[in-house]
There are 2 protein chains.
Amino acid sequence: MRSFFLGFALSLLAGSVALAQTPPATIVIHGGAGALAPGRYSPEEEAAYKAKLTEALDIGYSVLEDGGSALDAVEAAIVLLEDSPLFNAGKGAVFTREGKNELDASIMDGASLNAGAVAGVVKVKNPIRLARAVMENSEHVMFARDGAEEFAKQQGLETVKKKYFYTDKRWRAYKEALQAEKQKSDKESAMPAGFKYGTVGAVALDKNGNLAAGTSTGGMTLKRYGRVGDSPIIGAGVYADNKSCAVSSTGHGEYFMRLTIARDICAQVEYGGRSVEDAANDVIHNRLDALGGGGGVIALGADGSYAMVFNSKGMFRAVKSESGVVEVAIYGEAAK
Amino acid sequence: MRSFFLGFALSLLAGSVALAQTPPATIVIHGGAGALAPGRYSPEEEAAYKAKLTEALDIGYSVLEDGGSALDAVEAAIVLLEDSPLFNAGKGAVFTREGKNELDASIMDGASLNAGAVAGVVKVKNPIRLARAVMENSEHVMFARDGAEEFAKQQGLETVKKKYFYTDKRWRAYKEALQAEKQKSDKESAMPAGFKYGTVGAVALDKNGNLAAGTSTGGMTLKRYGRVGDSPIIGAGVYADNKSCAVSSTGHGEYFMRLTIARDICAQVEYGGRSVEDAANDVIHNRLDALGGGGGVIALGADGSYAMVFNSKGMFRAVKSESGVVEVAIYGEAAK
C-alpha cells in the first residue's frame, strides 16, 4: 500500500515537473512549396537555397536562444528571406500581369492574438516589417495598396525604388507565362508549372512559451485585378494562438483562403484534440487535396511539436529546436 | 418483450425518417450591431428599419420557397439592404477619413466552399453582386480597390457615380466624428459612439440542404490607409460550409479578423460537436468579450438551427423559416 501511495506521489510529481518544463525554443521556416522534384535544381542551386534557409534559420534561432520573442525571431528570419532574390518575397518577387511587383505580408502574435497585414505594396523593402508596424502602431489589422504605402511612409519604414525587386529569373518567368498563356485557352493557361514557388514564412516558439507566425510573398505570377491571395489573410496564410499552434502557409492561395487553412489546423488542435501533425496532415492531404489545391504548411504547437506538410513535390523548409533537431530540406524525401 | 422490440423498431424508423427529413428552408439576416438601446430611434425610425428588414427577409425567403439556391437568397436579401440608405452598405455607406465611400463585400457557397470577396470599391452599385462575380467568373477569391473596379467593368456590373452612395445622415456622422477626434487625443478618438452600425449580411439554407453566407459594408467611419476590415475576409466576416454552418458577422472588424469569428463558430460545430447557438455564444460572449471587442453574428446550421448573438446593446436582425419562425428585432430583448 505504501508503494502504491509512493508511486502515486511520484507520478504526481512527474506530472507537475512535466507541466513546469519549458517547451523547447523552436523555429520552423519555409521558402515555398511547388513542383520541386529532385533534378529541378543543379547541385549548386540546391546548395545556395539550403545555405540561405540555414542562414535564416540560424538568425531566427539565435533570437530565441538569447531569450528574444517569437515575434522577433519570425521577423528576423523572414527579413533575410525577403532580402534574398532566391524566394518569391521582397527582392525576387514574381511579376503581375502588368509586369509589376506587388507584395503581401502578415504577422501574428499567439500571446495576444494581435495581427497585422498588408496587401499590394510596391515600395516597402521588407513587407513583414510593415505588417508588424500595422500590428503594433495602428488600430487596424490590414491595410491595402496605396493606403498601406502611405502608412509605411508615416512609420518611416525603408522604401526602395520599384526596380529593386526586379530579378532576371522572375522577369523571364513572367515573359514565359505570358507566352504560355497565348498558346493556351483553358483555365490553366494563367498558371504555368512552377507558378507557386517561393512564398516565405516562419513560425516560432520562444522561451516564454509564446508562439508567433509570419508570411511574406510576391503572390502569383500574372495576378491581376488587385488580386489578394492568402498570405495577408489572418486565418488563411498565417495564424498563431498560444492555446493551439502557429501556422504559415504557401501554395495556391485561393484554396488556402476558402479552407482558412492556418486557422483550421489550430481549430483541429484546439477543439478536435488532434496533434499538430495530424491536423496539418488532414488539412493538406484530405481537405486541400479534395478541392484540387496544392501547397504546404509549417505548423508549430505550444508544446514544441511541429509539422512540415505539403502535397506538392517539394517545399523549401527548415527547422531548428532546443530539443536538438536541425533539418534543412527541399524535396519530398523528409516530408513528415 | 414484443412491445420492447416494437418500440425499438419504431424508434429506428423514426430515426431514419428524421434523417431523411429535409431541414427547414431558412434565412437569417442582419443590418449591423451597435449601441442600439431602446430610445435610440423614434417609433417611426424603428418602423422603417423593421419594414426594410422584413422586406429583405421576404425577398430572400421567397427565393428559398420557390426552390432557389441559398446563394440566390443571400444575394437578393443583401442587394435590397445595400440599396437602402438605412444601412452602412451600398447606398448609405459611412465615409472614410478622406470623405469617400469605400465598400467591401463577400459571399460563400457552403456546398463547394467557393468564395468571392472585394475590398475598397467605389463605383459598383451592389458590391455583393461583384463578390459573387469574383466567385463565379474568376480564378480568384479576392480583388482589391482599382483592380476590383476593373474586374467589375469587365463583368458589366452596374456602376454609379460616387455621389450615389452619399446620404446626409452619414455625412453628418462623418463631420461629427472628425470634430470629436479633434477634441480628444486618446485611441478612442477615431471611434465615436455608434461607429459600428450597419454592416449587412445574410445566411440561408435552401431546400437542397445547401448553406450560403454573404456580408456587405461601408466599413468604419474615418477609416484610412486602405483599411480592410473583416467583411471581405473569408473566415472573419463570412463563412459557409455544409458540413457545419454559415455565418455573417458585424462589429469592430479588427477583433473579428484576429479571432476568425465566422470560421471559429463553424470549427466549434465541426470539431467540438457544439450546437450553432453554443458556438456563437462562446465566440461572442467569451472570446470577443475577452479581447474587448464588440459586435455580433448570425449563424445557421445545416439542420436549420440558428443563432443571432451580439454583445452590443442591439443588432438589426430577422429570421424566417419553413418551420414557422418569423422574427424581426432591433434591441436586446430577443437576443438568443
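Conventions we followed
- Residues numbered from 1 in each chain as written.
- Chains lettered and ligands numbered in written order.
- Predicted model: local features only at pLDDT ≥ 70, side-chain atom pairs only at ≥ 80, totals over all residues.
- Heavy atoms only, no water.
- Least-squares fit on C-alpha atoms with pLDDT ≥ 70 in both.
- Contact = heavy atoms within 4.5 Å.
- Buried area = accessible area lost by both parts, 1.4 Å probe.
- Salt bridge = Lys/Arg side-chain N within 4 Å of Asp/Glu carboxyl O.
- Polar contact = N/O pair within 3.5 Å; in protein donor to acceptor, adjacent residues only side chain to side chain.
- Helix = DSSP H or I, 4+ residues; strand = E, 2+ residues; numbered from the N terminus.
- Nonpolar A, V, L, I, M, F, W, Y, C, P; charged D, E, K, R; others polar.
- Pairing = 2+ DSSP bridges.
- Axes fitted to C-alpha atoms, helices over the stretch in contact; angles between N-to-C directions.

Engineer: Explain the relation of the copies chain B and chain A to me, please; I cannot follow it from the model alone.
Structural biologist: Turning one copy of the chain about an axis and sliding it along that axis gives the other copy, so a rotation and a shift relate them. Structural alignment of chain B on chain A gives an RMSD of 0.0 Å, achieved by rotating through 180° and translating 0.0 Å along the axis. Here the two chains are linked by the operation of a two-fold rotation axis. When you check the interface residues of chain B against chain A, 100% turn up at the interface there too, and the contact is symmetric in its surfaces.

Engineer: Where do I start with the interface of chain B and chain A in this structure?
Structural biologist: One widely used convention gives an interface's size as the accessible area the parts lose upon coming together. At the junction of the two partners, chain B supplies 47 residues and chain A supplies 47 residues. On the chain B side of the contact with chain A, Tyr225(B), Arg258(B) and Tyr271(B) bury the most area, a combined 22% of that side's loss. There are six salt bridges connecting chain B and chain A. Linking Asp264(A) and Arg263(B) is a salt bridge whose minimum nitrogen-to-oxygen distance equals 3.3 Å. Taken together, chain B and chain A are joined by 30 residue pairs in polar contact (both at pLDDT 80 or more). Among the secondary structure elements, those contributing two or more residues to the side of chain B that touches chain A are β4 (142–144), α5 (145–155), β7 (227–228), α7 (253–258), α8 (261–272) and α9 (276–291) of chain B. Among the residues forming the side of chain B that touches chain A, the class breakdown is 22 nonpolar, ten polar and 15 charged. With two bridges connecting them, strand β4 (residues 142–144) of chain A and β7(B) associate as antiparallel partners. For Met142(A), the partnering residue across the bridge sits in β7(B) and is Val228(B).

Engineer: Mind showing me how you'd approach the sheet that holds strand β11 (residues 306–310) of chain B here?
Structural biologist: Through backbone hydrogen bonds, the strands of a sheet pair up, either in parallel or in antiparallel fashion. All names here are of chain B. Taken together, four strands build an open sheet; the order of strands is β8-β9-β10-β11 and the sheet is antiparallel. Strands with a single pairing partner mark the edges of an open sheet, and in this sheet they are β8 (238–240) and β11. Geometrically, the sheet is characterised by an average inter-axis angle of 10° between neighbouring strands, direction not taken into account. When strand β9 (residues 245–251) meets strand β10 (residues 295–301), the two strands line up antiparallel, connected through seven bridges. Across the sheet, the residue bridging to Ser249 is Val297, located in β10. Sitting on the sheet, α8 is in contact with β8, β9 and β10, with an inclination near 145° to β9. Along the sheet, α9 contacts β9, β10 and β11; its crossing angle with β11, the most-contacted strand, is approximately 10°.

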